[in-house]
Amino acid sequence: MLIRVRGPEGTLRIKAEASDKFSAIKEKVEGELRKSGVEVDGDVHFYRTQRHQDAIPLQATIASLSLQHGDMVFINMKKLVKEAPPPLYSPPLLPKVPPCQFHGANASCVRCQKAMRVVVTRHEEAKCSGVELDGRVAASFMVYPRKELRDEVARVGVMFGRETAESALQVECIYEPPQRGWRCGVKLEEGRAAEAELEHARALAGALGLKMVGIIISRTPSMMALEYELTASELLLAAHYHELQGTDSLFAIVSGSAATDDEGHEEYHPFELSPQIHELRQRKYFLPHPDFASEALEKQREVDPTTLVNFMKPSPSHTPAPAADESDEEFDDEVLFLKPEAKVQIGPDDVENVESSFLFVPLAIRPYESMLNILSPGENRRSAATKGHLKSLLLEEAPMLDKVSDFHFLLWIAQNLDI
């Protein structure tokens, strides 16, 4: 059986028998930490709750605590010596909290301590009244991860649209940035080429009177099997794009599930981010998820490169991704980890991490008809638009206005002509 052990360095999965004592579990945990280059300064203490209550004696057995396969216990230890892994992507640097006017940079006072403390509350009241989404636009985005990638990797799209007078978001089109997807998330490609492509998309959207209004994520079966609606990585990805657009604007994250309704249509679930996620990012309180540095997770990312969008030449062949293993199914991305020096409270208690559910609220979704057509494939796909495809599109017997009223077609022209 497997027992999950969560601590400051992430979640460990320890193989054990029902008769094993926690003294043996402690040795295995310390061994796993040493393998990853972590030195434990002092003893490891086990608890039944995340707030380190209900201590577990080392002489207790797994059976005596009625623990089952996959159950989680928590550990507490002194500060570990380990460099944080690089972030999944590089968000823009936001302004630091301004220094106190009553003393120098190396001093502190009660006003400083209060200013640095963040009390996280559950986000319950949304500014946005809902998302108006054209089923054709959403389906044109979802068909690629569903059909060509066969639900093996997740995918993200940037939604462009507008705000209405009723504080709703109308989605007109979806741009697909350079990215690498895996079973439980998405990593954006970095570099000047990716940044230039996004700027082209934003400039074109601006010329059409549109702006970034959110992101949409196609969730894999592995992500749908999780018991929470949005992962911490999805929230941070949405916060990254929201900050690029400006946090004073309305913004939504739409989750596209593998499930369908009674009529066989895809189900979409929109959410709004809590402003506190931007406050915590501005203060640089978040740590990258420790599990992202694990060897097991790197193996999960080793999917066929032709299915992972980068700037590689598309390949006509496709090799299925490795079958999901036990570690893939149990990947846990529910909490946002905080730096040891972060001063964050939930209620009266200081916390070491924040559950993702505190930082978003569901929104209503309503049908809408986009003013744009969808005749060309999205960006950064294996089946991306080519000159031959666009030539055949222009030669079709249809009104020219209908043929050019396509965001993907116009973006291809803007990129290739460097407009």
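About the criteria used
- Sequence order sets the numbering: in each chain, residues are counted from 1 along the sequence as written.
- In keeping with the predicted nature of the model, local features appear solely for residues at pLDDT of at least 70, side-chain atom pairs appear and are counted solely at 80 or more, and the whole-chain, interface and lining totals rest on all residues.
- With hydrogens and water excluded, all non-hydrogen atoms of the structure serve as input to the side-chain values.
- Helix and strand labels come from DSSP, where a helix needs a run of H or I of at least four residues and a strand needs a run of E of at least two; each type is numbered from the N terminus.
- For every residue, the accessible area (1.4 Å probe, protein chains only) is compared with the maximum for its type, and the residue is labelled buried under 20%, exposed over 50%, or partly exposed between those bounds.
- By definition in these notes, contact holds between two residues if any of their heavy atoms fall within 4.5 Å.
- Computed by Shrake-Rupley with a 1.4 Å probe, the accessible areas treat only the displayed protein chains as cover when residues are assessed.
- Should a side-chain nitrogen of Lys or Arg be within 4 Å of a carboxyl oxygen of Asp or Glu, the pair is scored as a salt bridge.

Draft legend 1. Focus on the overall build of the chain. Across its full length, the chain carries 12 helices and 20 strands. Going through the 419 residues of the chain one by one, you find that 49% of them count as buried. Sequence-distant contacts, at least 24 apart, represent 74% of the contacts inside the chain between residues at least 6 apart. For the chain, the accessible surface area stands at approximately 20900 Å², while carbon and sulfur atoms represent 52% of it.

Draft legend 2. Seen up close, the pattern of salt bridges. Tallied over the full model, the rule gives 14 salt bridges. Residues Glu176 and Arg155 are paired through a salt bridge, measuring 2.9 Å at the closest nitrogen-oxygen approach. Here the residue Glu176 occupies a position in the loop between strand 9 (168-175) and strand 10 (179-182), and Arg155 occupies one in strand 8 (residues 155-163), the gap between them amounting to 21 residues. The residues Glu176 and Arg155 share a single accessibility class, namely buried. Across the pair Glu199 and Arg202 runs a salt bridge, and its minimum N-O distance is 3.9 Å. Residue Glu199 and its partner Arg202 are located together in helix 4 (residues 192-207), separated by three residues, close to a single helical turn. In this structure Glu199 comes out as partly exposed when scored by relative accessible area, which is 44%.

Draft legend 3. Up close: the environment of Leu410. Note that Leu410 resides in helix 12 (residues 407-416). When the C-alpha positions of Leu410 and Ala201 are compared, they lie 9.4 Å apart, and in sequence the two are 209 residues distant. Contacts of Leu410, omitting those with residues within four sequence positions, involve Leu204 and Val404.

Draft legend 4. Spotlight on the environment of Cys128. Of note, Cys128 is situated in the loop between strand 6 (118-119) and strand 7 (130-133). It is 8.5 Å that separates the C-alpha atoms of Cys128 and Glu166, two residues lying 38 residues apart in sequence. Those residues in contact with Cys128, other than ones at most four positions away along the chain, are Ser167, Ala168, Leu169, Leu250, Glu272 and Leu363.

By themselves these figures say nothing about function.
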